[in-house]
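As a plain string of letters, each chain reads:
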Amino acid sequence: MATGPREEERVVPSGDALAVIDAHGTLTAWSEGARRLTGYTAAEVTGRPAADLVIGDPGAAWRELRASGAAVVAVRHRDGRRLELALRLCPVRGERRAYVVTASPGEAGRELGELAFRQASVSMSVFDSEQRYLRMNDVACAIMGQPEAAFLHRYFPDTVEDAEHSRGFLRHLEIVAETGRPVHYESWTRSPSGRRMHAWNFEMWPLRDPAGELLGVALAGFDSSEQHWARQRLAMLNEAAAGIGTRLDVAQTARELAELVVPRLADFASVDLLDSVLQGDEPAVGPVDADVEMRRVAHHSLTAGVPEAAIGLGAADVYPPYSPPARALATGLPVLARTGDPDLDRWFGRHTARSAKLRTSADPYDLALMAVPLTARGTTLGVAVFVRLLTPEKPDVFDEDDVSLARELASRAAVCVDNARRYTRERTTALALQRSLLPQTMAGQAAVEFASRYLPALSQAGVGGDWFDVIPLSGTRVALVVGDVVGHGLHASVTMGRLRTAVWTLADVDLPPDELLTHLDDLVGHLGTDESGEAGEIGATCLYAVYDPVSRRCTLAAAGHPPPVVLYPDGRVEVIEVSAGPMLGVGGLPFEATELELPEGAVLALYTDGLVEARDLDLDTGTAALCTALGAPAGSLEEVCDTVLDSLLPETPGDDVALLVARTRALDAEQVAVWDLPADPAVVATARKHVTDQLTRWGIDEAAFVTELVVSELVTNAIRYGGEPIQLRLIRDRTLICEVSDASSTSPHLRRARTFDEGGRGLLLVAQLTDRWGTRPTGTGKTIWAEQALPPTL
């Protein structure tokens, strides 16, 4: 600074050119930069009116400077040249109506800066510290829809109709003005069509004078709509990855796709699949020029009036070859159409219900349609149709970005649908196999009245290996069996069938429950070794119970299986304490039998763990709930089963469930006759007389001849080859049963006697005269039994 007050130098840093003007418009200071720029020395201009250097109207230039703080002013160079200087005005601190004027050198610099501001590709604006417009470039004016003059010196909120957008934007301007720190602000506004969002990123920073005083706020706005749309698309795809195919269910997957795209991509969405897909078979697409039939699996609508009701869920519709869905199915490519396209109008006109729906809509409308094939692993499974209602407020038809997004979503859904289709096929096969291996019909038993339920798992784990059986045994006894093979799928079903067959075979030998499970455990170990070379690959649990209606004794043994529950006639419910034993296939550990007496009319419930265990239900809680449900009043065993299942199971059980309930019966004393016999051949005749007299009392004398022969042979064999104690028992129920027990554990074998043999014909004779015969071990020896039909009654 050549001359002038030192205060001005201290508070206003020198720049390219600087001058100080007092309250009377007189130049009081002139910098060296001003001398170089204008050619005037400080001595030549100080004390003179600043207006002397201005070319044109000094008053207009001064008013512009005072109003906006900046202006372009033409001044006279000392050599007479005309200079265009960009002047800035700011008050001098501590001085009343004294101003510092700075100038930018050269017309070219000013013009380039102005051009850069005006022609910038981003929106740029300048606000004063009170949030009033000072400058706007061309992009900002185009966005606001009016020229710069319409906004200058106006308060920002007064220029915006969107109050919510105005509040957020204004608050960030105020933050910059208050704190002097730059901020970043992102806002969203809907496009004129209302379909997409416009996203804006704003950078706001403070503007300061050379002394550091805040003069205003500068703003640069970047249209980030494409980036925003890309992020939204990525978010939608991520949501599809997590939200489509949550279950291996075709209809559920289709519904998830339809609900995802409405309203973000379309106003209405539908998914139609080929019938073969719904049945789990390989899809077969017919000729390109033929009608194609598809079934509506899912649809979802944002706006009432979209014609989804023309086809109900589960209904089939025939699509002509020129219709967009049929073309998409045949070509494997998306098809776009809108109202006015001949093929689309022709298709709608052919479909009476759809055409009527369009005609009866509250407001006439145009629509844009996109049919996207659901293709997975090179096979087309069906078609997804997306529809937009076209209105003056929302005129957007589907564009390439929409097609690309729809294809990705449809591809994701198609893979999930195909997975569900394959799962459905496998599950159907496994379920059919398992149901064929389970008992189809079970004849009534003298020992118990029973009812049963089998429910396959509805989870993605698939069909398991649960089974149950009611096996008739000799002496009117009955075996009740429930088992569960570890795992799911075809392998579990096949293993279940093998184990069920083995149980029937071992039960026919009349083994006690603990011995039967020991043999079954060995079998499971062998099965595992045969399949994998390593023992223990197959695991299963089993509960085997034998009930005798004569003694009313029930003997049970378990292999890693939940204990049964008993409902007594007096309403008391009790969990039977059974030694659980190891799972089948573990090997090397013994099984223990438990024996208890059950009164007539007691209800015994056997079940698999799927009934009482779940992720949110532990075994103890589930067993307690079973006891409560079992004790509820019920008119029949069928109602008992329904009550138990309804009380304990969710809508979608995660594991298979087998339930068997049996109500005990007891044979009346008049139906059973028992005689203890000495080991004396002479007693055979006495035994025949006992039997004849008993048959007479029962009124079935017609059976006396055969029964006498059977008793003679069985008692003679017991005396000859067995030993005391010898017992003869006669049971009259649905059949006539003759049993002879002795102390020998050696079982006789049926053989054909040769001509010169003195014996060996007894059992052959018994087998020919009776319907069934056999032998079973007892605690003291064995029992040989024979069963014959009762003579017809008049």
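To be clear, the structure that these remarks concern was listed above.
Read on for an overview of the structure. (Residues numbered from 1 in each chain as written. Predicted model: local features only at pLDDT ≥ 70, side-chain atom pairs only at ≥ 80, totals over all residues. Heavy atoms only, no water.)

Looking at the sheet that holds strand 22 (residues 565-567)
The pairing of strands in a sheet happens through backbone hydrogen bonds and is either parallel or antiparallel. Where we set the bar: Any two strands between which DSSP finds at least two bridges are classified as paired. Runs of H or I in DSSP of at least four residues are treated as helices and runs of E of at least two as strands, each being numbered from the N terminus. Between the N-to-C directions of two axes lies an angle of 0 to 180 degrees, each axis being a line fitted to C-alpha atoms and, for a helix, fitted only over the stretch in contact.
Taken in spatial order, the five strands make up an open sheet running 17-26-25-22-23, and their pairing is antiparallel. In the strand order of this sheet, the two ends are held by strand 17 (448-455) and strand 23 (573-575), each with one partner. Across the sheet, the axes of successive neighbouring strands diverge by a mean angle of 15 degrees, strand direction being ignored. As defined by bridge partners, strand 25 (residues 603-607) adjoins strand 26 (residues 657-664) across five bridges and the pair is classed as antiparallel.

Examining unusual backbone geometry
Omega for the peptide link from Val262 to Pro263 comes to 10 degrees, which places this bond in the cis form. Between Glu724 and the following residue, Pro725, the backbone shows a cis peptide bond with an omega angle of 0 degrees. Mapped onto the elements of the fold, Pro725 is located in the loop between helix 20 (704-722) and strand 28 (726-732). A positive phi angle is found at Asp510, which is not glycine, with a value near 65 degrees. Examined against the element boundaries, Asp510 turns out to sit in the loop between helix 15 (490-508) and helix 16 (513-532). With a phi angle near 60 degrees, Arg552 is a residue other than glycine that sits in the positive phi range.

Let's talk about the environment of Arg665
This is how it is decided: A contact between two residues is defined here by any heavy atoms of the two lying within 4.5 Å.
Within the fold, Arg665 resides in the loop between strand 26 and strand 27 (672-677). When the C-alpha atoms of Arg665 and Pro549 are compared, they prove to be 6.0 Å apart, with 116 residues separating the residues in sequence. Sequence-distant contacts of Arg665, that is, excluding residues within four places in its chain, are made with Gln445, Ala446, Ala447, Val448, Glu449, Tyr547, Pro549, Glu600 and Arg734.

Things to note about the packing of aromatic side chains
Worth spelling out the cut-off: Two rings from Phe, Tyr or Trp (for Trp, the six-membered ring) form a pair when their centres are within 6.5 Å of each other. A pair whose planes differ by under 30 degrees is stacked, one over 60 is edge-to-face, and the rest are tilted. Only when the NZ atom of a Lys or the CZ atom of an Arg is both within 6 Å of the ring centre and within 35 degrees of the ring normal do we say a charge sits over the ring.
The full count for this structure, using the stated rule, is ten aromatic pairs. Every member of this aromatic cluster is reached through a ring pair, and the members are Phe127, Tyr133, Phe151, Phe156, Phe169, Tyr185 and Phe202. Positioned above the aromatic ring of Tyr322 is the side chain of Arg346, whose terminal nitrogen or guanidinium carbon lies 3.7 Å from the ring centre. The lysine or arginine in question, Arg572, covers the ring of Tyr568, its NZ or CZ lying 4.1 Å from the ring centre.

Considering the side chain of Asp521
Spelled out, the test is: Only protein chains enter the accessibility calculation, which uses a 1.4 Å probe. A residue is then buried if its area is under 20% of the maximum for its type, exposed if over 50%, and partly exposed in between. The charge count includes Lys and Arg as positive and Asp and Glu as negative, but it does not include His or the ends of the chains. For this analysis, a salt bridge means a side-chain nitrogen from Lys or Arg found within 4 Å of a carboxyl oxygen belonging to Asp or Glu.
Among the secondary structure elements, Asp521 is positioned in helix 16. In this structure, Asp521 is buried with no salt-bridge partner, the nearest side chain bearing the opposite charge being Arg498 at 15 Å. If sequence neighbours within four positions are ignored, Asp521 has contacts with Met583, Leu584, Gly585, Val586, Gly587, Gly588 and Phe591.

Side note on helix 21 (residues 762-769)
Three or more residues of helix 21 are buried, namely Gly762, Leu763, Leu764 and Val766. Looking at the buried side of helix 21, the elements it contacts are helix 20, strand 30 (772-777) and strand 31 (782-789).

Points about the environment of Leu511
Relative to the elements of secondary structure, Leu511 occurs in the loop between helix 15 and helix 16. C-alpha of Leu511 to C-alpha of Pro777: the two residues are 266 residues apart in sequence and 7.0 Å apart in space. With residues up to four places along the chain from it excluded, the contact list for Leu511 reads Leu506, Leu516, His519 and Tyr544.

Overview of the sheet that holds strand 15 (residues 366-376)
Strands sit in the order 13-12-11-16-15-14 across an open sheet of six strands; the sheet is antiparallel. With partners counted over all chains shown, the strands left at the sheet margins are strand 13 (316-319) and strand 14 (335-338), one partner each. On average, each strand axis in the sheet is inclined to that of its neighbour by 30 degrees, with strand direction left out of account. As defined by bridge partners, strand 12 (residues 292-301) adjoins strand 13 across four bridges and the pair is classed as antiparallel. Within the sheet, the bridge partner assigned to Met294 lies in strand 13 and is Asp317. Along the sheet, helix 9 (residues 250-261) makes contact with strand 11 (268-273), strand 12, strand 15 and strand 16 (379-390), crossing strand 12 at roughly 50 degrees. Docked against the sheet, helix 12 (residues 342-350) engages strand 13, strand 14 and strand 15, running at close to 90 degrees with respect to strand 15.

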